[in-house]
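# Architecture at a glance
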Amino acid sequence: MSEPFGALRAQLLDAAQAFAGGPGAVPDLLSGLVDDVDRALREELEIFPVCHHSPASALAMVRRLREKQPKVIYMELCEDLRPLLDELRNCRLPVALQAFASEIDGFPAEWAPLSVVAPITEASAEYQAIAYALDTPGVELVLVDRSTDHVFQWEPRDQPEPENVEPEPENVEPEKVEPEAAAPEEGEEAALHGDAVGIEIGDLRPGFAELEAYLLHHGKVRHWSEWWDQYVEQPLADADYATYRQVMVLIGSLFRRLRPDAGDRTRARDEDRERYMWTRMREHLATSGADPEQCLYICGAFHAASRVEQFGLRAEVTEFEISPRTATRWQYGLIPSSHSAIEAQFGLASGSVSIAAATWTKAVTRGGLTPFQLDGQKGTRKRSRRKRELGTPAPREPVADRLSGFLARPPALDALDEAELLGWCVDIVRLARRNGYLASTADAIAVFETSILLAGMRGRARPTPYDFQDAAITCIEKDAVPGRCDVRRLCEILLGGDRVGEVGYDALPPLARDVLDRLKPLGLDLEKRTIQRALLDLDARPELVPCSDLLWVLRRLLPSDAVRPIMGSRRLGERSIQESWDLAIGRHQRSIVELGYEGVTLEQVLERRLRRAVWAPKATAAQALAAVEDSILYLGSRRFTDELGTRAVELLAAERTVDDAPEVLRRIRRLLTHYRATEPELPEWCQSFVTAGYAHYCTLLPTAFVDEETGVRQVAAMLGFLFGMESLALSFGCDHAQLELAVQQSHPEAPAKVALLWAAKSQLGLMPMSELRSKCDELLGNPLVVPSFPQYMSGFVQALEPAPALAPFMVEVLSKAFARLPDTVLLPWLPKLITTLRDQAHELVPVLVREAGRTFPATLAAVDSWVPPWTSKPRPPSSPASIQVAGPATDLLASHPAACDAVAGLFGYEAEWRPAVEPTGGPGMREVTALMTDHPETARALTAVLRL
Amino acid sequence: MTDEMLRAPAEVKYAEELDWLESVDDAPKPFSWRLSPRMVRLFILGSEPSDGLDREIPQKWFGDRSFVERSIVTLASDRGLLLIGDPGTGKSWLAELLSAAISRNSTLVVQGTAGTTEDHIKYSWNVSMVIAKGQSRESMIPSPIMTAMERGVIGRFEELTRSTSDVQDALISILSEKYVSIPELDDDNIVFAQPGFSIIATANSRDRGVNDLSSALKRRFNFVRIPVVTNKRSEAEIVRFRTTELLKRHQMELELPPTLLDILLQSFADLRAAAASATSDDERLESALSTAEQIGVLEDAILHSQFFGDRTLRAGTLAGSLVGSLARRTPEDLAILNKFWHGVIEPRSKKDEDGPWTEFLDGGREAIAKLS
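In this text the structure is predicted, and so the values were computed from the model without any measurement.

Going from Leu93 of chain A to Pro94 of chain A, the amide bond is cis rather than trans, its omega being 0°. The topology assignment puts Pro94 of chain A in the loop between α4 (82-85) and β3 (95-101). For Phe31 of chain B, which is not glycine, the phi torsion reads 45° and is therefore positive. Mapped onto the elements, Phe31 of chain B comes out in the loop between α2 (15-24) and α3 (37-45). Residue Phe31 of chain B is classed as partly exposed on the basis of its C-beta count, with 15 C-beta atoms lying within 10 Å. With a phi angle near 60°, Arg104 of chain B is a residue other than glycine that sits in the positive phi range.

All names here are of chain B. Pairing is parallel across the open sheet formed by five strands, whose spatial order is β2-β5-β8-β1-β9. In this open sheet, the two edge strands, each paired with only one partner strand, are β2 (109-111) and β9 (221-226). Ignoring strand direction, the axes of neighbouring strands in this sheet form an average angle of 20°. Alignment of strand β5 (residues 154-158) against strand β8 (residues 198-204), held across four bridges, turns out to be parallel. The partner of Phe157 across the bridge, within β8, is Ala201. Sitting on the sheet, helix α4 (residues 65-76) is in contact with β1 (80-85), β5, β8 and β9, with an inclination near 165° to β9. The strands touched by helix α5 (residues 91-103) are β1, β5, β8 and β9; relative to β5, the strand with the most contacts, the crossing angle is about 170°.

So, about the environment of Ile476 of chain A. Residue and element names in this part refer to chain A. Relative to the assigned elements, Ile476 resides in helix α20 (residues 465-476). Distance in space between the C-alpha atoms of Ile476 and Ala432 is 8.0 Å, their sequence separation being 44 residues. If we skip the residues at most four places from it in the chain, Ile476 touches Ala432, Tyr437, Ala439, Asp443, Val447 and Val487.

Attention shifts here to the interface of chain A and chain B. It is common to give the size of an interface as the accessible area lost on bringing the parts into contact. Tallying the contact residues gives 16 residues for chain A and 23 residues for chain B. Among the elements that take part in the side of chain A that touches chain B, helix α19 (residues 441-457) of chain A stands out by supplying six residues, more than any other. Partitioning the side of chain A that touches chain B into residue classes produces six nonpolar, three polar and seven charged.

This part takes up the nonpolar core. The biggest cluster of nonpolar side chains holds 335 residues, and the ones touching the most others in it are Ile298, Ile428, Met718 and Leu756 of chain A together with Leu98 of chain B. The element best represented in this core is helix α29 (residues 684-706) of chain A, accounting for eleven residues.

All names here are of chain A. The geometry of helix α25 (residues 602-615) relative to helix α26 (residues 621-635) is characterised by a closest axis approach of 9 Å and an angle of 165° between their N-to-C directions. In terms of axis orientation, α25 runs roughly antiparallel to α26. α25 and α26 meet at a crossing whose hand is left-handed. Only Gln623, Ala624, Ala627, Asp630, Ser631, Tyr634 and Leu635 of α26 make contact with α25, whose side of the interface consists of Glu603, Leu606, Glu607, Leu610, Ala613 and Val614. In terms of residue class, the contact of α25 with α26 is built from eight nonpolar, two polar and three charged.

Of all ten residues in helix α42 (residues 898-907) of chain A, zero are buried; the element is thus mostly exposed. Note on α42 of chain A: the residue one or two positions beyond its end, Gly908 of chain A, has a positive phi of about 90°.

Before going further, it helps to spend a moment on the sheet that holds strand β8 (residues 331-336) of chain A. All names here are of chain A. With respect to topology, four strands assemble into an open sheet ordered β6-β4-β3-β8, the strand pairing being mixed. Sheet topology places β6 (197-198) and β8 at the edges, where each strand pairs with a single neighbour. Here seven bridges tie β3 to strand β4 (residues 114-120), and the two strands are oriented antiparallel to one another. For Val95, the partnering residue across the bridge sits in β4 and is Ile120. Against the sheet, helix α24 (residues 589-596) touches β3 and β8, its axis set at about 170° to β8.

About the thresholds
Residues numbered from 1 in each chain as written. Chains lettered and ligands numbered in written order. Predicted model: local features only at pLDDT ≥ 70, side-chain atom pairs only at ≥ 80, totals over all residues. Helix = DSSP H or I, 4+ residues; strand = E, 2+ residues; numbered from the N terminus. Buried ≥ 20, exposed ≤ 12 C-beta atoms within 10 Å, placed from the backbone. Pairing = 2+ DSSP bridges. Axes fitted to C-alpha atoms, helices over the stretch in contact; angles between N-to-C directions. Contact = placed C-beta atoms within 7 Å. Nonpolar A, V, L, I, M, F, W, Y, C, P; charged D, E, K, R; others polar. Core = buried A, V, L, I, M, F, W, Y, C linked by C-beta atoms within 7 Å. Parallel < 35°, antiparallel > 145°, perpendicular 65-115°, else oblique. Left-handed = near helix turned anticlockwise from the far one by under 90°.

The structure is reproduced here in C-alpha cells:
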C-alpha cells in the first residue's frame, strides 16, 4: 500500500514500542492518529479543518480560497441559519446569529424560551468563507449542520430539575473565566448573549479536564488559549496549506481519541452531527450535480477526523435518517455580540478573542494577504476592488507527508519585534496613567525588560501578548487598583480591547426598525452604545407625545436600564408636561431584537404579553387588574381593556383564596377613580367587578375570619372592599343584608381578627361606640388578656382601612394602651407595632397622626391641664329652653324630622321633639336672628324648594 | 549539618540538590547568580520528565507558575521584589527558596517590626570598639541588607509594612542608587552594591493601612500578589508536603490518614465559604483560614497524638486542635465554631455513621464545651 504517511506511522510505532514497552493502547492510538490524517486527506471532497477564533485558520482559509476558488462551500453551521448570513454585511462584527423560540412544541415546557447563538467575528475562518461565497458570483454556500431544532431534539430529557434542563453550551468548560479578570463594566458586554446556547464552528479542546490540565502543566502556560497560541497558532501561522491541514486533523484526531467513556452521550451526538452533515452534502451534490473537486467542506478539526461509517463521498453506508423538525416556531435574527461575550460563553480566557483579533490584523499586514470582506461591511477598512480580485485557480496537490517534518522540527521562533514591544510598553504606561496609576517612563523601561526576560524564561525570543501582560502586571500593578480597570484589563484594552458588534438598521427585525423610526423625532443617534439624554417638552412640542408613549412602552418591556425616566412618570391620572430620559437603546439591541421575535410592533408584543398573562392557568384577579392598568397606560385601546377587565371579573369570581385582596382593593380603587375622572360612566366590566366582588367577598368573609391561613391584612382588605364599594355595589343591585349577614356569621378567635370584627360591626351600626369602648376597657382590665392586647391593637390598626371613622377611637385605645399596659408587654410590642404600621398600613399612618394631633394638646403648657376627651364625663344636657329656639333652622328640622331621628337612632338615643320657644337673646343668638331677619332671602328660597 | 539545626535554611537543606543543579546548569546566568533563571524556577517548582534531567527535583512551593516566573524576572531586573498576600500564603517560604537558589544564602533577613530602626537596615556601631579605637569599618556592624549589598546577593526584608514609614524609606536610596554612604567615616565611606544584589520583601495584605508604603518606595518594588490557595488539590499537596517535613524534623513516625486530611481540607473550605458569606466581622473567624493555619492545626494534632495519645492521629484529636487553634475570641469565635459544628459537621456525620466524621464531631463538641 503506497501511503504517504507510512514512514511516520512506522516511526511512531517504533517510538511506542520503545517507550510504552510492548503492545497496548499507545501504538493503537498513535497509528490511529496517522490513519485519521490519512483518511481525511485522501477524501475526494476537500476537507478544510478549522478551529474557532484561530487566526491561523483564517489565514489558511484566505490563502486556500484564493488558490482553489471553490464553487460550492459546505460549512458546519446550523442549516436553518443560512438566510441570516446575507444580512451580515449590514452589521458591525462581532454579531451573533440567533435562533429563538418562545412558543415551543415537542420540547419540555420548562425549556422555553429556546435560544441558540452562533457568534461570527471578523478574524475567523468562517467569516472569510462567508465573505468569499456571498460576494463571488457563482459560488454557493451551503450550511450542512443539524438545524437549531435538532440541537434541542438531541438533548437528553431525563433530567427533571430545571438547572439541568437548560442544555449545556456545547463547548463551555466547567472552568469559567477567572472572576478577577472580569472588570466591573465588562459584565454587561459579557452578558450580551443572554442565556442562549452557544454554537461555534470548529470547537477544539481537550475532551476532559485532566488532559487539559496536563497539557497546560507541561506546556508551562496558564490557560487553554495561551497553550493554543503557543503550540499551534504560532507554528501554523505561516505554514503551508498541506502542513496546516495535516496538523489540524492530527490535533482533532488526538482530542477525539482521548475522550473519556463517560462522554458517550456527547460522542454519539457528535457522530450524529457528522452523519447529518455528510448526508446533507451527499444530497446537495446529487441534486445540484456539483463537481466534488470544486467543493470545499469547512468543519471543525474534530469532525475532520471523524470515523463514522457515513464519512466520505465514497462511503459504503450512506443511510442516515434525519428526523423531522418539531412544530416549534423558530424566529431568526442577528444580535450584537462582543469579544467578552464570546469568551464568557465558550469558557475562553479573558482577552483571548481580542488577542486573536489583534494577531490576525498583524498577520494580514505582515503576510501581505488580502482577506475577504463582505461588500458594504460596516466598521471595517474598505479595500480596493482591484486587490480583491481573484487569480486563476491552482490545481489540487497530491498528498505528501508534512507531519513528520513538522513534529520533528522545533517550532521556528519569531524574532524579537522590538518596535512592536516598545509601542506596547509606551502605550500601556500611558493607559495606566490615564487610569490613575502612578506609572512613568521608568515603568515602560521595566515592562520592556521584564517582557523580554519572561519570554526568555518561557523559551521564546519574542514576547507574546501574554508575556507582555504578565510583565506589565509585575511592573505597574501595586497593592491597590486606583481606577476601574486593573492592569490586566488595560492590557486587554491595549491589545485590541473588547469589540462590541452592532446590528445595522437593515438587518434589524421590523419591530426594532419601527422603534428607531418612531423615535426619530427625538433627534438622537440611538444606534450609539452610549447613554443618551432625551428631553421632551410635551407642551411645547406636542409632536413628541407619541415618542413619549413609545418610551413608556419600552420601559415596560425592556430591562430597567435600557430606557430610564429621569423626570416624568406615567401613572393613572397623571400627565407629564416635560420628560427627561436616559436612553441606552444601542446597548440593549439584543433585547429589542428579541422583542422583534414576538411581534411586529411594540404594542402588539405588549398586547400579546398582557393577554398571555391574564389567560395563564395561574393568573389572578390582581394580575388581571394590573394588566388592565397597563393597557390603559400604554395601549389606550378601550376594547382590549374591556376584554382584560372582563377576564378580571371571571378570575375574581373563580378565586377561592383571598390572598390577593389587598392588591385587588388597591388596584380597583385606582381604576374606579380613573374612570370616574375621565369617563361619564363606569365601563360595564367595572360594574360587574364591583358587584361580583361584593358578593364574592361577602361569601368568603366568614371563612376568612376563622381561617388561620388568612391574614388580618387580607380580611381588612376584604372589609375595605365591602365598605368602600358598598354604595356603588348597592346602586348596581347588591343587597346590604348580605354584608350584615356575613359579618354576623363571622366568629373569629384570633384577637386581631376579633378586633377587626368589632370595628366592622361598629361601622355597620351593629355595635355602638360605648360597647366597643367598654370591651376594650375590659381587655385592659383583665390581667390574663393583657398580654394579647397588642394583637387586638394590630386588628384595630388594620381596621382603619375599612372604617376610617374609627380613627379617634384608635387614638383613644392606643393612648390607653400606652398608659396602662405593663412594660413587659408594651416594650416588646412597640417595635412590632412600628413594623406592622410601616409594612401593612403605611397609608393609614397619616390619618392616625392627624387624629392624634387633633386630640392631644399642641403646647407643653397645655399638657398639665389636659384631660383626655374620653375620660371627661358627658356634659349634662343643658336646659331645652336655652337651645330650642324657634327660627328658620328649627322650623326646618321640626318639619322634616326624619334625618334627625335617624342620626339619633344611630347614636342610641330615642327621638324626642320638644316645642320650640321664641328667641330670648342667648349669647350670640341675637346676632343670628338679626342676620336672618336682615337677609331672609336664603331661608325663603330654601323653604320654597322644600315645599316643591 | 542539618541534623544540628532545628530548622535548616533552604540552602542548607537542599544543598546537595542545588550543587547538582549548578553543575548541570549551562544556561547564561545574570550577574553573580548561582543558577540560571530557568533552573531557579525548576528548583522551586520541581522538574518534569520533559525537562530532560537525570534526576527528579521535587516541587517545593505550590502555586501558580507565573508568580514564580514573575518573581525571578523581577530579581534579574533593576527592581526589588515585594511579595504581598494574606498571612500563611507562603510568601516567606518563596522568598527563602528564591534567595537560596539565586545566591545560596537566605539568612540575610531583616524582620520588620514596629521597633525596627534605620540602623537595622543600614549599619550600627560596636560601641565599645568605637570607644577603644574610634569609628572605622572595623567597628561598624553592617546590617543584613548591607552585607547582601557587599556580597552581591539577595537580602530579605520580612513584613515590610510592619516597620514605620521613615524606616521603610531608608530602602529608597538602597534600591535606586545601590549604595549606602557612611558619613561618620572620612574615607572608605561608601558601600556599593555588587552585581546580583536585590531585595525580596514580604508584606501582609491584612496590614494594609498600618504603615503604607510611600509612592517612591512602591515605584522601586515590583509587587507580586500571592493569593490564598483555594484549589483543594494543591492545598492538599502543600499540607502533605509541610507535614511530612515537620514529622521528619520531629523524628516521628506517624501515619497521616488521607481521610483525615480530607476532613481538615473540607472543614477549612467550609469555614472559608462561611467567612465569605458573613456580613460582619463578628460572624467571621478572626483567623485568615490560610493554608499555614491548616498546617498549624495538623501539627498541633500530630504532636498531641504523639505525646499524649496513642501515637495514632485520630479525628477527635484533629477536631480538638482545630477548635483550639481557631477559637481566639470568646465568645464570638466559639459561637461561630459551635454553629459550624451543628450546621455542617453534624449533618455530615449523620451521612457517615461510625466514620471519622462522627469522631470529628464528638471531638470538636468536647473541645468547644471545654473552652466555653
